[in-house]
Amino acid sequence: MAEPITARQLTILQVVAKHPDVVRDHLVKAGATDADLAYLERHDLIRERAIGRYRVSHMGQEVLKRSL
């Protein structure tokens, strides 16, 4: 069974969607933990493009659509 996404992880996903190529340091300063980012990457909701910069994947966009 898949782990459910937490409210904090959903917020991080929304931030990454709103600000493509956001720097990892900005996410950590905003309250993201390494575990949150690892979860989102492991479930292919975000992808690291350039080193330390994240974008939402297609699957992440679908999760955002369903969360509305």
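Residues numbered from 1 in each chain as written. Predicted model: local features only at pLDDT ≥ 70, side-chain atom pairs only at ≥ 80, totals over all residues. Heavy atoms only, no water.

Visitor: Even after reading the chapter, I still don't get the environment of Tyr39, so can you show me in this structure?
Guide: When you line up the elements, Tyr39 lands in helix 3 (residues 34-42). Judged by relative accessible area, which is 5%, Tyr39 ranks as buried. Every residue in contact with Tyr39, bar those within four places of it in the chain, is listed here: Glu3, Pro4, Ile5, Gln9 and Leu45. (Helix = DSSP H or I, 4+ residues; strand = E, 2+ residues; numbered from the N terminus. Buried < 20%, exposed > 50% of the residue type's maximum accessible area, 1.4 Å probe, protein only. Contact = heavy atoms within 4.5 Å.)

Visitor: Help me understand the environment of Lys29 in this model?
Guide: With respect to the helices and strands, Lys29 occurs in helix 2 (residues 24-29). Taking relative accessible area as the criterion, Lys29 reaches 73% and is therefore assigned exposed. With 33 residues separating them along the chain, Lys29 and Glu62 place their C-alpha atoms 26 Å apart.

Visitor: When you look at the side chain of Gln9 in this model, what are you seeing that I'm missing?
Guide: By the secondary structure assignment, Gln9 is in helix 1 (residues 7-18). With a relative accessible area of 6%, Gln9 lands in the buried category. In contact with Gln9, other than residues within four places in its own chain, are Pro4, Asp36, Tyr39 and Leu40.

Visitor: Help me out: how do you make sense of the pattern of salt bridges in this one?
Guide: Two side chains of opposite charge can pair, provided their charged atoms sit close to one another. The tally for this structure, following the rule as stated, stands at five salt bridges. Taking the shortest distance from any N to any O, the salt bridge between Asp36 and Arg8 comes out at 2.7 Å. Of this pair, Asp36 sits in helix 3 while Arg8 sits in helix 1; the two residues are 28 residues apart in sequence, bridging distant segments of the chain. Exposure remark for Asp36: the relative accessible area of 4% places this residue in the buried category. For Arg24, the salt bridge identified is with Asp34, shortest N-O distance 2.8 Å. (Salt bridge = Lys/Arg side-chain N within 4 Å of Asp/Glu carboxyl O.)

Visitor: Sorry, what's going on with the side chain of Ser57 here?
Guide: Positionally, Ser57 belongs in the loop between strand 3 (53-56) and helix 4 (58-67). When neighbours within four sequence positions are excluded, Ser57 is seen to be in contact with Asp44, Leu45, Ile46 and Arg47.

Visitor: Any chance you could explain the pairing of strand 3 here in plain terms?
Guide: Sheet faces and side chains relate simply in a regular strand, where the side chains alternate between the two faces. Residues Tyr54 and Val56 line the buried face of strand 3, whereas the alternating positions Arg53 and Arg55 sit on a face that is not buried. Strand direction decides the pairing type here: strand 1 (residues 22-23) and strand 3, joined by two bridges, are antiparallel. Bridge pairing in strand 3 links Val23 to Arg53. Here strand 2 (residues 46-48) pairs with strand 3 via three bridges, running antiparallel. Its bridge partner lying in strand 3, Ile46 is registered against Val56. Between the antiparallel neighbours strand 2 and strand 3 lie four residues, among them Gly52 with a positive phi of about 80°. (Pairing = 2+ DSSP bridges.)

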